[in-house]
Amino acid sequence: MSKITVVNPHHWLDADGDIPPSGPVRAKAIRVAQCIESGGLLERNQGRLTLIPCVFRPKRVACPGFLLVIKQPDDSLLALCNECRQEEFLIHSWKDTLWADGPFDGVDLSPVDPHHPDDVDEAPASSDDDAAWASAELDGELHVALGALGSSLSVAELRALIATSHHPTAVIQHLLKGGRPPSRSALETFLPLLMEAWNSTPRPDLGGHSPDQMPSPPPAKARAEPPRNAPCPCGSGQKYKRCCLAKTPN
């Protein structure tokens, strides 16, 4: 068992209270800031599972788990792995950090029109920009999920595999081929991301379109009922009212 690190985050931040741009503590400062962002608004004795991957290697094998942040009775934040249960951080003096109030508010990333600088705040983001940001966010989540599964595939390689597979189960079978079986939690996290990637990945058999981009089939038109005295459409030679209409249950 590794020894838990007791953290005063201010010892790791720069003069402005932000993540240092470089240096030996930058990576740990980022992990601590993410733990504070996830756990700061919790009630005491509540916990939240994050997407921060575990860094421990029990039995010399990379742990597939993620950090669970639990607010302690004294308001300190305990970060431990949900899989191997190794405790990584005990964070105190975090309430006046930049991350204590949870995630930052969204930033307007609408494209800037240099010819109309006064209209920047009113310019809505285009659907292409929204799609690009959604794709980038999904790729980031896929990268974390692939690591939790113990897969060596990159996100680009996963997308290429999806584009040529006949069904999502073929992708899963490829990922699970050989190696150590992933944890149930890692698989449950990955499956919805896989389906989202499946529906948004362009495919050669769809003419370079993704399933999400394919038009929906037109609704089937209801067949008009023939007049009662017309010949029955079944071809019996009888009037409709004496043939199929009479057989229709009330």
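Residues numbered from 1 in each chain as written. Predicted model: local features only at pLDDT ≥ 70, side-chain atom pairs only at ≥ 80, totals over all residues. Heavy atoms only, no water.

What follows concerns helix 1 (residues 26-39). Taking 1.5 Å per residue as the helical rise, helix 1 with its 14 residues ought to reach 20 Å, and the 20 Å between its terminal C-alpha atoms agrees with that figure. All of the buried residues in helix 1 are Ala29, Arg31, Val32, Ala33, Cys35, Ile36, Ser38 and Gly39. Residues of helix 1 that are buried sit in contact with strand 1 (5-7), strand 2 (47-53), strand 3 (66-71), strand 4 (77-81) and strand 5 (87-91). (Helix = DSSP H or I, 4+ residues; strand = E, 2+ residues; numbered from the N terminus. Expected span 1.5 Å × (residues − 1). Buried < 20%, exposed > 50% of the residue type's maximum accessible area, 1.4 Å probe, protein only. Contact = heavy atoms within 4.5 Å.)

What follows concerns the layout of surface pockets. Rolled over the atoms, a probe sized like a water molecule indicates the empty space that remains. Each pocket or cavity is described by its volume, and for the largest pocket that value is around 340 Å³. Lining the largest pocket are 24 residues, with Leu149, Gly150, Ser151, Ser152 and Arg180 sitting closest to its centre. Elements with a contribution of two residues or more to the lining of the largest pocket: helix 2 (127-149) and helix 4 (168-176). When grouped by side-chain class, the residues that make up the lining of the largest pocket number 14 nonpolar, seven polar and three charged. (1 Å grid on protein atoms, 1.4 Å probe; cavity = no way out; pocket = protein on both sides within 12 Å on 5 of 7 lines; lining within 4 Å. Points joined across faces, edges and corners; volume = space filled by probe spheres on them. Nonpolar A, V, L, I, M, F, W, Y, C, P; charged D, E, K, R; others polar.)

Now for the side chain of Arg31. Along the chain, Arg31 falls in helix 1. Residue Arg31 is classed as buried on the basis of its relative accessible area of 12%. Those residues in contact with Arg31 that lie beyond four places of it in its chain are Ile52, Pro53, Cys54, Val55, Leu67, Glu88 and Phe89.

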